[in-house]
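Coordinates in review
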Amino acid sequence: MAVDTKERPPATQQTDATAEQESRVQPYRIRTGMFAWMMHRLTGVGLVVYLIIHIWGLTALTDPETFNALIAKYHSPIFKVGEFGLLVAVAYHAMNGLRIVLIDFLGWSPKQKKLFWTLGAVTLAIVAVGGWPSIYALGEWLLGPGSMPTLFL
Amino acid sequence: MAQTNALNWFLHRITGTFLIFMLITHFWVQHYDHQAASVTHEVVTEKNEMPDYPEEAKAGVEARFGPDAEATPYQVVMQRLADPVYAVLWKGFNILFLIVALHHGFYGLNNVMTDYIRNPMGRLVAKSLSWTLALGLLIIGMYSVITAGW
């Protein structure tokens, strides 16, 4: 075995600490702002994909039969679930985007945390009120007609 | 180039703010207005079954297209576009909505792609392809909006 020098330590005696440093993946501490940013990206990309499908789908407007068939499909249970998911993504992206605009344009950064939770509450309210029709429709379908209360409808 | 990026950054925030108000209008008309909603919220249907529309929508379609007219999804949309003044307003709104949404979405998508694609050539390819797709969507979207109801 060759002599181990300071310049070239043996590979077998590598400590866990150096192994961690050389790793390509950096461990992040996920804080509120980081989580908000990741979700903004994720919902943003999802919404672009939806936008593409949505604009493409609207070409059906040129033919009544095709359009009726498309809208009939939008009333199937799986689309009702998707509709709710879409609202969640839109509401989150819109409210977090508003937070970014308020911070960038009005310099509301000292109030960041408070703003985050306030807009979080607004998002929940939008999802609850706006998403109720989808939940109602799914409930009526699963549990039978007349089983859901007709709130906001 | 740097100036264009700063302008786009600024526009991204402006279009985002506009989209909040435009989306509220869009959702209201498409899902909650009992006369105009093309997707009637309370209804889940079985395969290929037409959704049943509220009385307001049926009355609106009959008033516009005669007592024999059926309230199908297509007719519910058309009653809105049958009034020329109203149609121009809605078409104008939808074209503006289309442009704003596409700019916002594809500018955002390009930001994301620039973060993960490190190679300059790859970035250029991703940028060109995505904006070509956006332009294509703008053209077919405008076509759908303008020709609807003709």
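What this report covers is the structure whose coordinates are included nearby.

This part takes up the overall build of chain A. Across its full length, chain A carries five helices and zero strands. Put simply, chain A runs from its N terminus to its C terminus through helices and strands in the order α-α-α-α-α. Across the 153 residues of chain A, 18% fall into the buried class. Within chain A, residue pairs in contact and separated by at least 24 positions form 57% of the contacts whose partners lie at least 6 positions apart.

So, about the interface of chain A and chain B. At the junction of the two partners, chain A supplies 37 residues and chain B supplies 33 residues. If you list the elements that add at least two residues to the side of chain A that touches chain B, you get α2 (32–57), α3 (64–74), α4 (77–106) and α5 (112–143) of chain A. Take the side of chain A that touches chain B: its biggest share by element is nine residues, from α4 of chain A.

The biggest cluster of nonpolar side chains holds 17 residues, and the ones touching the most others in it are L51, A91 and M95 of chain A together with L102 of chain B. The set of elements that each furnish at least two residues to this core consists of α2 and α4 of chain A together with α4 (84–116) and α5 (120–147) of chain B. Per-element accounting of this core gives the leading share, five residues, to α4 of chain A. With near-sequence residues (within four places) excluded, L102 of chain B lies in contact with A134, L137 and L138 of chain B. In terms of nonpolar packing, the next biggest core, distinct from the first, is built from 13 residues, I71 of chain A together with A57, A71 and V77 of chain B among them.

All names here are of chain B. Relative to the elements of secondary structure, L89 occurs in helix α4. The exposed category is assigned to L89, around which 12 C-beta atoms lie within 10 Å. A C-alpha to C-alpha distance of 18 Å links L89 and Q75, two positions 14 residues apart in sequence.

Conventions used here
- Residues numbered from 1 in each chain as written.
- Chains lettered and ligands numbered in written order.
- Predicted model: local features only at pLDDT ≥ 70, side-chain atom pairs only at ≥ 80, totals over all residues.
- Helix = DSSP H or I, 4+ residues; strand = E, 2+ residues; numbered from the N terminus.
- Buried ≥ 20, exposed ≤ 12 C-beta atoms within 10 Å, placed from the backbone.
- Contact = placed C-beta atoms within 7 Å.
- Core = buried A, V, L, I, M, F, W, Y, C linked by C-beta atoms within 7 Å.

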